[in-house]
Every structure is written in C-alpha cells, then in structure tokens.
Amino acid sequence: MSMWKGLHMTARAAHGIHVSSRFIHKHTQLCTLWSRNINTGRPVQNEFFKDLENQFKAFREKAADAMPGSDWTPFEKNRSLPPERADIVIVGGGVVGWSIAYWLKQKEMIRDGVRVLVVEKDPTYSQASTVLSAGGIRQQFSLPENIHLSMASADFMRNINEHLSVLNEDPVDLQFNHSGYLFLASEKVAHIMEENYSTQRHAGAKVSLLSPTQLKEKFPWINTDGVVLASYGLENEGWFDPWMLLNAFRRKAISMGVYQCFGEVTGFRYTTNTMTTAEGDKVDFRRIKYANVQMPNSLEYQPVECAIVVNAAGAYSSKVAEMMGIGFGPKDTIAGIPLPVEPRKRFIYVVHCPNGPGLDTPFLVDYSGVYFRREGLGGNYIAGMSPEEEEEPETNNLEVDHEFFQEKIWPHLAHRVPAFECLKVTSAWAGFYDYNTFDQNGIVGMHPLVNNMFFATGFSGHGLQHSPAVGRAMAELILDGGFKTLDLSALSFKRIMTKEPMLERNIV
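What comes next is a walk through the structure.

Reading guide: rules and limits
- Residues numbered from 1 in each chain as written.
- Predicted model: local features only at pLDDT ≥ 70, side-chain atom pairs only at ≥ 80, totals over all residues.
- Heavy atoms only, no water.
- Pairing = 2+ DSSP bridges.
- Helix = DSSP H or I, 4+ residues; strand = E, 2+ residues; numbered from the N terminus.
- Axes fitted to C-alpha atoms, helices over the stretch in contact; angles between N-to-C directions.
- Contact = heavy atoms within 4.5 Å.
- Expected span 1.5 Å × (residues − 1).
- Buried < 20%, exposed > 50% of the residue type's maximum accessible area, 1.4 Å probe, protein only.
- Arc of directions from axis to C-beta.
- Salt bridge = Lys/Arg side-chain N within 4 Å of Asp/Glu carboxyl O.
- Right-handed = clockwise from strand over helix to strand, strands pointing away.
- 1 Å grid on protein atoms, 1.4 Å probe; cavity = no way out; pocket = protein on both sides within 12 Å on 5 of 7 lines; lining within 4 Å.
- Points joined across faces, edges and corners; volume = space filled by probe spheres on them.
- Nonpolar A, V, L, I, M, F, W, Y, C, P; charged D, E, K, R; others polar.

1. A short note on the sheet that holds strand β13 (residues 363-365)
Part 1 of the argument: Within the open sheet, the eight strands sit side by side as β5-β6-β4-β13-β14-β15-β12-β16. Their pairing is mixed. Since the sheet does not close on itself, it has two edges, and those belong to β5 (207-210) and β16 (424-436), each with one partner. Direction aside, the axes of adjacent strands within the sheet are offset by 20° on average.
Part 2 of the argument: Taken together, the three bridges between strand β4 (residues 181-185) and β13 define a ladder with parallel strand orientation. Bridge pairing links phenylalanine 183 to valine 365 in β13.
Part 3 of the argument: In the packing of helix α11 (residues 402-416) onto the sheet, the strands contacted are β4, β12 (341-352), β13, β14 (371-374), β15 (380-384) and β16, and the crossing angle to β12 comes to about 60°.

2. Regarding helix α7 (residues 190-202)
An α-helix turns once every 3.6 residues. As a result, residues three or four positions apart point the same way.
Part 1 of the argument: The terminal C-alpha atoms of α7, which comprises 13 residues, lie 19 Å apart, in line with the 18 Å expected from a rise of 1.5 Å per residue.
Part 2 of the argument: Among the residues making up α7, those that are buried are Ala190, Met193, Asn196 and Gln200. Take α7 and look down its axis: the buried residues cluster within an arc of 115°, on one side only.
Part 3 of the argument: Of the residues trailing α7, glycine 204 is marked for its positive phi of about 105°.

3. A few points about the pattern of salt bridges
Close approach of charged atoms lets side chains of opposite charge pair.
Part 1 of the argument: For the coordinates displayed, the defined rule picks out 16 salt bridges.
Part 2 of the argument: Of the charged contacts, one joins lysine 107 and aspartate 480 as a salt bridge, the two residues approaching to 2.8 Å between their closest N and O atoms. Within this pair, whereas lysine 107 is found in helix α4 (residues 95-107), its partner aspartate 480 is found in the loop between α12 (463-479) and α13 (494-497), the two being separated by 373 residues in sequence.
Part 3 of the argument: By relative accessible area, which is 34% here, aspartate 480 ends up partly exposed.

4. Describing the pairing of strand β1 (residues 85-91)
Part 1 of the argument: With respect to burial, β1 is a largely interior element, five of its seven residues being buried.
Part 2 of the argument: Relative to strand β11 (residues 301-311), β1 runs parallel, the two being bridged by six bridges. Following the sheet pairing, isoleucine 90 is matched in β11 by valine 310.
Part 3 of the argument: Relative to strand β2 (residues 116-120), β1 runs parallel, the two being bridged by four bridges. Bridged to isoleucine 88 within β2 is valine 116.
Part 4 of the argument: The parallel pair β1 and β2 is bridged by α4, and the resulting crossover is right-handed.

5. Thoughts on empty space enclosed by the protein
Part 1 of the argument: With the rule as written, the count across this model stands at one cavity of 30 Å³ or more.
Part 2 of the argument: Reported here for the largest cavity is a volume of approximately 30 Å³.
Part 3 of the argument: Lining the largest cavity are Leu364, Asp366, Val370, Tyr371, Phe372, His412, Leu413 and Arg416.
Part 4 of the argument: Breaking the lining of the largest cavity down by element, the ones donating at least two residues are β14 and α11.
Part 5 of the argument: No other element matches the three residues that α11 contributes to the lining of the largest cavity.
Part 6 of the argument: In the lining of the largest cavity, the residues fall into five nonpolar, one polar and two charged.

If you want it as structure tokens, here you go:
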C-alpha cells in the first residue's frame, strides 16, 4: 500500500466518514505531479498540502456536527428566533442595553454561566435614540451621581480597547474629540453655575470658571454680551461617534456569548402572589416567567422563559412597564404609579459656515438653551435646543421642523457667534429623548411590585454618555445584589413612590 493511500485510510478511520475512490485518485495524481516536480522549485507541494488540509478540515466539521450535543439538526432552524430560555432578557438594544449585556458577561464566573438575550425592535437602528444623538459627554452636571457616572464613563472610553477589543477585529475608534463643554451663564443664573461648579469640583471633575474677559481671550470669536460667567470643562469632556460606541458594545457582547434578536417584546406571562397589609389592603406581587417576542413583519412569536427582565427600552420603556400592569393599579397606590418616561422629540441641524470657529471650538451651551459643536472639518457644525414645555413637538414621527431653526435657534447662534450670521443648513434629523417627566434623571433599579423587572431608563438625553457606567452598575445590582463601584440607589424607583424628585439643573 502506498504512503498516500495509507494516509487517506487513516483519515477515513479516524473520522468515520466515507472517502470516495475519486478523491483518492485525485490526490494520487497530485502526489505524482509533486514527486515529478520536487526539484523544479514549483509550488506544487504547498498547494497539495493546502488542499489536503482543507479536506481534513471539512471532515472534522462534518464529524463534529454529527456528535451528540452539537447544534446539528435534520430540521431547518429559524435563526432569527430568540432562544427558548434565557437567564436575563434585556428589552432594548440601544447603547444602554448592550452595555448592560457586556457587563453581565464580564462579571460571570464561568463561560456561559449567564445566558443573556438582547431584544431590539429596530434592526436598522434608523430610529434609535443612540445613533440620533449629538454624541456629547460632560461632567458639568448639578448632581453628584451624574458627575460620577460621566467620570467613570469617560475613563472607560479613554481605555475602550482594553475593554471592548475583539480578537482579529479592528480596534475601536470612537473618534473622541476632547474639546470640552463650555456653559455660558447670564446674571440671572450665574449663582446656579457657581453652585454646580462647587459640586463638580468636590466630585473630582476638572472644571474652570471664566470671567467674560477671560472667555473673550480664550475664544475671540464669542460675543460675550449678556454673559456674566462661563464654565469650561478641562478634561474628559467633548463628543464622540455614538454608533461606534453602540457597535463596540454589541460586537464585544456577542463575542462573549450574548444572544441577539431583532423583534419586539409584546407581553409577559407572569405569576401573581397577593398579600394583605396590616391595614387590610391587598397588594399583588408579580414575577415574570416568560417574555413574548414578536418577530418583525410576521405573526410568528417566541415565548422566552426567563428569570430577569431588564427594561432598557428608552423612550418606549413605559409601554414595556405597562405590559406588567405598572401604573394601572388603584390611584394613590404603588401599583397605580406609572413609569414617568415618555418620548420627547429633539431636532439636530447640520450647518455650514466657512468662517466659523476653528479646531479649538468646544461644545458650547448658551444660557438661551441653544447649543452647537463642530462636526468634522471644513466649517461644519451641528446645533439644536430643547423647546419650551408648551412647544413640545408631536412624537408620532421623526419629521424635522425647519422653521424651529429659523425662528428659535439661528437668532441666538448669530448673536453669540457673529460669524454664524452667514450660514447654511445642509441637513437635519430628529431623535427621541427617553424623557423622565418626574425629575429628568435616570431610573435605575428594580420595581417594588415586579421583583424581577429592572429599569435602566429615563436618562433624559444623557443615557449615551453614561451608558458604560450604568451598564456596570446594573450588572452589579443583578449579579451581586447591590451597587459596588458607584452607589446609584438614589436613582431608584423609590423616589418616584415617595415623590422626592432629584432635579438635574443642567439638562441640554
């Protein structure tokens, strides 16, 4: 028996797979050709072994598929369906949801010890709040919790490839621009800026106060008329690419074993335990057993058995809460308190101004509420502002109101930066805030009557920048039973029950 026939028979015996005589004949020919040309310098030898290894690789894959415990099945699988069971179902595949998924897997003690499923209803992310935001990050908040969240998230982003790199994939490039935030204050609100500055410095943020003279010296293109005080972030502030952060979390989490499903959670199956208080009132405690996931453009749905549900559905998180009856109980009871989160539409306009501010331009927030920042190079900027309460636009679409720019934004822009008197709007888009109507702050933690539904929502425009730290905090709360690195207990649902708002004064 020749050496090559012996080799093929050994492979056949080892893998238990039939090898045709045609295959043996083919490689016998290659072997003969190789032996004839072994001294000619031709690459036939390398080609032969490469082809042989490819055949062996195919054999090994077929053998593995046939082994017990493999994913092989004689029936065709619908790969778009979620798994039938998951330990944790995260409703909402925005940056907060994927950050939570990543940190849950990061904290698991053994590989696949925690089965995590992320459900996102918008497979294109064309209406996702994450990718439609301005992409800013700042430490200039009025509450210590928000300041610490920003500082922790900025540190994560500075070292993002230590956290979110994936083997054999390109490094993550957030395009992080560290130009800082610049807040301007009039005489009416200067005392609030001073109070915020004191809180920020005490929390460890690097922030500087500037007089109008100092402001003009640093940024000569600013008209300081009406400005009494300015607050400028010296580090860990600026803006980045929202899509890159979302995709980095998503890519890393999937590589760690997180399941992804494009569908919509339409309801839950749950059990109810009724208890009677000392006053004789009955209280229903519910526990989710299954999440029903509807497939897009289909009547097909999959019930997913689960132990925990994380409501990270952003602007639509109140609808998810309502599926568990939250807010539908008797008035003046815990069951009757809704999740106070609703979509609020915000417009962002891209403008071109060839003679506008240069590369040192910070993310400027005027006391009128108008903001702008540089967008790349070539005299491009983005601008926007939040409307007054009585002027809130409809949220049944993402259409842009161009008159809002002409009437509300441009006059303030041109006043603050005279170069903006000559600009052109080149494009615009709209996105939704997950707006907390109670106090414009995030709601983080478990609902008291649904003891396996956790909230991570209501961030009112700063969910993107806080997502790395919020994800870690949520993973700690779920897996460790409490916060370990940052204490976010003040952001729980309890403050809504007790009607004790934590008002954030620096909402942009």
